[in-house]
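As a plain string of letters, each chain reads:
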Amino acid sequence: MVLITLEGIDGSGKSTLFASLKHTLSDLRPVFTREPGSTWIGEQVRRAIAEEVDPVTEALLFAADHAAHLETVIRPALARGAPVISDRYTDSRYAYQWATLEGILPDPLAWLRAVHDGWTIPPDHTLLLVLPVEVALSRKIKAGKKEHFEEAPLLARVQEHYLHLAGEDPSRFVVMDAEKGEEELASFAEHVIREWCESSRSRRRR
Ligand code: TMP
């Protein structure tokens, strides 16, 4: 059916948007899921992030979580024709681990892509929330939630990477200005997701 992903740096409002979509799109009966964390492997990944393992181990753990996520959630949902909406997916690895592996591997993005090659399922559509890094960090500080990846220079690199990925694949990405109001973002996202689900249903009917 259709695989839709939400991406953005920490503090971009992605999780708030995801929560709102769960409510407004419930009639479409999509499968709402997330990376990391929909499997027990995801729980181990969260532990590894908290304990700060080395970047190669961390990248491989995120990829392992993705493999388990595909097998247990994504493939079965797509096979029964349900739309899938995932809070983070492969582009999180390409954007974040590209940044954490810089200086460790000669071409982190090529390595990360090779790790996923042949078994991942590319998303059909991706909503990318973009905003100034200082605004994202100030939101996290206000919420008292600053974590592992939330340093300004690293997040700035991650966001550059997201924009690079969006530039490479403009037909898949919709870039959203995350400084807009929550309601405006939520209603725009709801609208485009409904259109994507409808066009995927009419393609299947043909
Ligand atoms: P979350 O805050 O959206 O739950 O994500 C947890 C953190 O993990 C967040 O800082 C982004 C990071 N992350 C990666 O670095 N690589 C990945 O592949 C994924 C899925 C998340």
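Residues numbered from 1 in each chain as written. Predicted model: local features only at pLDDT ≥ 70, side-chain atom pairs only at ≥ 80, totals over all residues. Heavy atoms only, no water.

**Here we look at unusual backbone geometry**
Okay, step 1: Looking along the chain, the bond that leaves Glu35 and enters Pro36 is cis, with omega of -10°.
Okay, step 2: Relative to the helices and strands, Pro36 is located in the loop between strand S2 (31-34) and helix H2 (40-51).
Okay, step 3: Unlike most non-glycine residues, Glu52 shows phi in positive territory, near 55°.
Okay, step 4: Positionally, Glu52 belongs in the loop between H2 and helix H3 (55-79).
Okay, step 5: We classify Glu52 as exposed; its relative accessible area is 53%. (Helix = DSSP H or I, 4+ residues; strand = E, 2+ residues; numbered from the N terminus. Buried < 20%, exposed > 50% of the residue type's maximum accessible area, 1.4 Å probe, protein only.)

**A look at the pattern of salt bridges**
Okay, step 1: Enumeration according to the criterion identifies 14 salt bridges in this entry.
Okay, step 2: Residue Arg47 pairs with Glu51 through a salt bridge whose shortest N-O separation is 3.4 Å. Here Arg47 and its partner Glu51 are both found in helix H2, 4 residues apart, which amounts to about one turn of the helix.
Okay, step 3: In this structure Glu51 comes out as exposed when scored by relative accessible area, which is 52%.
Okay, step 4: Across the pair Lys180 and Glu184 runs a salt bridge whose closest N-O atoms are separated by 4.0 Å.
Okay, step 5: Given the relative accessible area of 40%, Lys180 is considered partly exposed.
Okay, step 6: Among the residues examined, Glu184 registers a relative accessible area of 47% and is labelled partly exposed. (Salt bridge = Lys/Arg side-chain N within 4 Å of Asp/Glu carboxyl O.)

**Digging into the site of the ligand**
Okay, step 1: Taken together, 14 residues form the shell around the ligand, and within it Asp10, Arg34, Arg88, Arg93 and Gln97 come nearest.
Okay, step 2: Arg93 is positioned such that a nitrogen or oxygen atom in its side chain is 2.7 Å from an oxygen atom of the ligand.
Okay, step 3: Interatomic distance of 2.7 Å between a side-chain N/O atom of Gln97 and a nitrogen atom of the ligand.
Okay, step 4: Protein chains bury 93% of the 480 Å² of accessible surface belonging to the ligand in isolation.
Okay, step 5: Taken together, the elements giving at least two residues each to the shell around the ligand come down to H2 and helix H4 (90-100).
Okay, step 6: If you tally residues by element for the shell around the ligand, the top one is H4, at 4 residues.
Okay, step 7: Split into classes, the residues belonging to the shell around the ligand amount to 5 nonpolar, 2 polar and 7 charged. (Near = heavy atom within 4 Å. Polar contact = N/O pair within 3.5 Å; in protein donor to acceptor, adjacent residues only side chain to side chain. Areas by Shrake-Rupley, 256 points an atom, 1.4 Å probe, with all protein chains shown as cover. Nonpolar A, V, L, I, M, F, W, Y, C, P; charged D, E, K, R; others polar.)

**Comments concerning helix H7 (residues 152-168)**
Okay, step 1: The end-to-end C-alpha separation of H7 is 24 Å, in line with the 24 Å expected for 17 residues at 1.5 Å each.
Okay, step 2: Those residues of H7 lying buried are Leu155, Val158, Gln159, His161, Tyr162, Leu165 and Ala166. All buried residues of H7 project into a common sector of 155° when viewed along the axis, lining one side. When the buried face of H7 is taken as reference, the exposed residues oriented beyond 90 degrees from it are Pro153 and Gly167.
Okay, step 3: Considering only its buried residues, H7 is in contact with strand S1 (3-8), H4, helix H5 (108-116), strand S4 (125-130), helix H6 (133-142) and strand S5 (173-177). (Expected span 1.5 Å × (residues − 1). Arc of directions from axis to C-beta. Contact = heavy atoms within 4.5 Å.)

Scope: geometric values only; no functional claims are made or implied.
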